[in-house]
Amino acid sequence: MMRSLFAGVSGLKNHQTRMDVIGNNVANVNTLAFKSSRVTFQESFAQTLSGAVAPGNGIGGVNAKQVGLGSQVGSIDTLFTQGNIESTGISTDLAIRGDSFFVVSDGARQFYTRAGNFQLDADGRLVNPTTGYVLQGRMSNSAGTLVDSITDIQLPYGQKTPASASTGAVLGGNLDSGAATGTVEETSIIVYDSLGAKHDLKVTFTKTATPNQWNWAVDTSTLTPAEAATVTGGTGVLNFNNDGTLNGSTSTFSPIGFQPAGGAAVMAINLTGGTGLNAISQFAGRTTALLASQDGYAAGTLADFQIDTSGTISGSFTNGVTVTLGQIALADFNNPGGLERAGDNMWGTSPNSGEALVGFAREGSTSLISSGALEASNVDLAQEFTNMIVAQRGFQANGRVITTADEMLQDVVQLKR
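Everything quoted here is computed from the prediction, not taken from an experiment.

Asker: Explain the sheet that holds strand 15 (residues 184–192) to me, please; I cannot follow it from the model alone.
Answerer: One open sheet holds the five strands; their spatial order is 15-16-17-19-20, and the pairing between them is antiparallel. For this open sheet the edge positions go to strand 15 and strand 20 (252–253), each flanked by a neighbour on one side alone. Pairing analysis gives five bridges linking strand 17 (residues 213–219) to strand 19 (residues 235–239), with the strands arranged antiparallel. Each bridged residue has a counterpart across the sheet, and for Trp216 the counterpart in strand 19 is Gly236.

Asker: Quick question: what am I supposed to make of the sheet that holds strand 14 (residues 168–172) here?
Answerer: Working definition: the strands of a sheet are paired by backbone hydrogen bonds and lie parallel or antiparallel to each other. Taken together, the five strands give an open sheet; going across it, the order is 18-21-22-14-23, and neighbouring strands pair in mixed fashion. Bordering the open sheet on either side are strand 18 (232–233) and strand 23 (290–294), each of which pairs with just one other strand. Across four bridges, the pairing between strand 14 and strand 23 is antiparallel. If you follow Gly172 over to strand 23, its bridge partner there is Leu290.

Asker: What's the story with the packing of aromatic side chains in this structure? I'm lost.
Answerer: Here a ring pair, both rings aromatic, is described through the centre-centre distance and the interplanar angle of the planes. As enumerated under the stated definition, the model contains seven aromatic pairs in all. Ring centres of Phe101 and Phe333 lie 5.7 Å apart, and the angle between their planes is 80°; on these two criteria the pair is classed as edge-to-face. Of this pair, Phe101 sits in strand 7 (residues 101–105) while Phe333 sits in the loop between strand 27 (330–332) and strand 28 (340–343); the two residues are 232 residues apart in sequence, bridging distant segments of the chain. Of the aromatic side chains, those joined through ring pairs into one cluster are Phe80, Phe101, Tyr112, Phe333 and Trp347. Its end group placed over the ring of Phe360, Arg138 keeps NZ or CZ at 4.0 Å from the ring centre.

Asker: How do you make sense of unusual backbone geometry when you look at a structure like this?
Answerer: A negative phi angle characterises most non-glycine residues, just as the trans form characterises most peptide bonds. At Ala33, a residue that is not glycine, the phi angle is positive and equals roughly 55°. The residue Ala33 is located in the loop between helix 1 (2–27) and strand 1 (37–43) in this model.

Asker: Please explain the pairing of strand 15 as it appears in this structure.
Answerer: One face of the sheet, then the other: side chains in a regular strand alternate in exactly this way. The sheet contact formed by strand 15 and strand 16 (residues 198–207) spans nine bridges and is antiparallel. By the bridge assignment, Ile189 is partnered in strand 16 with Leu201. Counted between consecutive antiparallel strands, the loop separating strand 15 from strand 16 contains five residues, among which Gly196 sits at a positive phi close to 90°.

Asker: Can you walk me through the side chain of Ser10 in this structure?
Answerer: Tracing the backbone through its elements, the reader meets Ser10 in helix 1. The buried category is assigned to Ser10, whose relative accessible area is 14%. With near-sequence residues (within four places) excluded, Ser10 lies in contact with Leu69, Gly70 and Ser71.

Asker: What's the story with the side chain of Ser281 in this structure? I'm lost.
Answerer: Looking at the secondary structure, you find Ser281 in the loop between strand 22 (267–272) and strand 23. Of the residues examined, Ser281 reaches a relative accessible area of 9% and is grouped as buried.

Asker: Would you mind showing me how to read the pattern of salt bridges here?
Answerer: One pass over the full model with this rule turns up eight salt bridges. Here Arg138 and Asp148 are joined by a salt bridge, their closest N and O atoms 2.7 Å apart. One end of the pair, Arg138, is in strand 11 (residues 134–139); the other, Asp148, is in the loop between strand 11 and strand 12 (151–152), and ten residues separate them in sequence. On the basis of relative accessible area, Arg138 is assigned to the buried category, the value being 5%. The class for Asp148 is exposed, based on a relative accessible area of 68%. A salt bridge links Glu363 to Arg138, with the nearest nitrogen and oxygen atoms 3.0 Å apart. In this pair, Glu363 sits in the loop between strand 30 (357–361) and strand 31 (364–365) while Arg138 sits in strand 11, placing the two residues 225 residues apart along the sequence. Overall, Glu363 belongs to the partly exposed group, its relative accessible area being 42%.

Asker: Is there a simple way to explain the environment of Val104 in this structure?
Answerer: Here Val104 shows up in strand 7. In contact with Val104, not counting residues within four places along its chain, are Arg109, Gln110, Phe111, Thr113, Phe118, Tyr133, Val134, Leu135, Gln136 and Met346.

Asker: I'm lost on the nonpolar core in this one. Help?
Answerer: Nonpolar side chains tend toward joint burial in soluble globular proteins. Leu175, Leu201, Phe205, Leu238 and Ile280 are the most contacted members of the largest nonpolar core, which has 24 residues in total. Elements represented by at least two residues in this core include exactly strand 14, strand 15, strand 16, strand 17, strand 21 (256–258) and strand 22. If sequence neighbours within four positions are ignored, Leu238 has contacts with Leu175, Phe205, Asn212, Gln213, Trp214, Trp216, Leu246, Ser251, Phe253 and Ile280. Residues Phe102, Phe118, Ile153 and Ile369 belong to the second largest nonpolar core, which totals 22 residues.

Conventions adopted
Residues numbered from 1 in each chain as written. Predicted model: local features only at pLDDT ≥ 70, side-chain atom pairs only at ≥ 80, totals over all residues. Heavy atoms only, no water. Pairing = 2+ DSSP bridges. Helix = DSSP H or I, 4+ residues; strand = E, 2+ residues; numbered from the N terminus. Phe/Tyr/Trp six-rings, centres within 6.5 Å; stacked < 30°, edge-to-face > 60°. Lys NZ or Arg CZ within 6 Å of the ring centre and 35° of its normal. Buried < 20%, exposed > 50% of the residue type's maximum accessible area, 1.4 Å probe, protein only. Contact = heavy atoms within 4.5 Å. Salt bridge = Lys/Arg side-chain N within 4 Å of Asp/Glu carboxyl O. Core = buried A, V, L, I, M, F, W, Y, C linked by side-chain atoms within 4.5 Å.

As structure tokens, then:
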């Protein structure tokens, strides 16, 4: 009877532990990226009343007689199943699709989390708003190339990108095939010098007597007299095929060169007529010749940023240039179930989790990152309520074992009477 009494006590304790875990799961049903837990029980020690006897001398064997001494908690497992991804529209909110973790640091130690509700601090660092721990990754150098060292993710608001002089320009649009000989059309092309200053160049197109042919030339009237005096090249011939497409092999383009005012470097711009469907054409219809593209730009400052599924952070500058600023790191573990909760939705390594395998989405990690979204808790309330009923019934049954054993002990005491 004492064995049954203590077995019932062990059952009560274990079911109370299970109820504690269920309660914690339910309490965190709306906690960002929370991972639910489960409790498993295992048999405790057993008392052997008689050992097993082997068959022999014409008789069969006899099994051992053992009485169990109750149960004990076998494990409390964390379930790292994927939580639902919920859109927020906030670019610094990040959700992981896969088994990886974000890496955050307090400056001395690294922690791991699935909760991606990051914010920018006063220094432009992406931080956990509760702890201030900084999101880790790799940053790019001045050339926009990612550097292979893990550090704080810090967005350089106020950073400037230098100007880039125009070296190439492409014509597009259409020249009217029905234009009379001597017809002059014009368009403007905007280019930038090495200091980022904008220059408006006028290009004229003159229909020649030769079928399907136009001469083009740079008109210096939009330049200052000093700049106009330095112009070189800037003339050529546009020849078109019978179907109105540009004949690139017979058309000529001499580079446009001039010395901008203000101390910028001498400009050398290769003007072309384009290729394929985007090339300048000569079809029947009004003239729409224009500058299709050019590769220069003025200086700019960082205005915004975007994060793609690989965790790459791209900065958008006021001059229209996009530059890679950094990439968010992801950590994987051989045994994520071995991680230890560190509070504030964070995890720390343990001897059984293994060390973090730090990589990047599509580069060492199979997980992807969703910007503007957060991962919800993976707690299943229907399952938790079912587990709650089972735990309650188990607790009641073990309580009944204790009261029954107590009544039997009372009967033994009363035998003396």
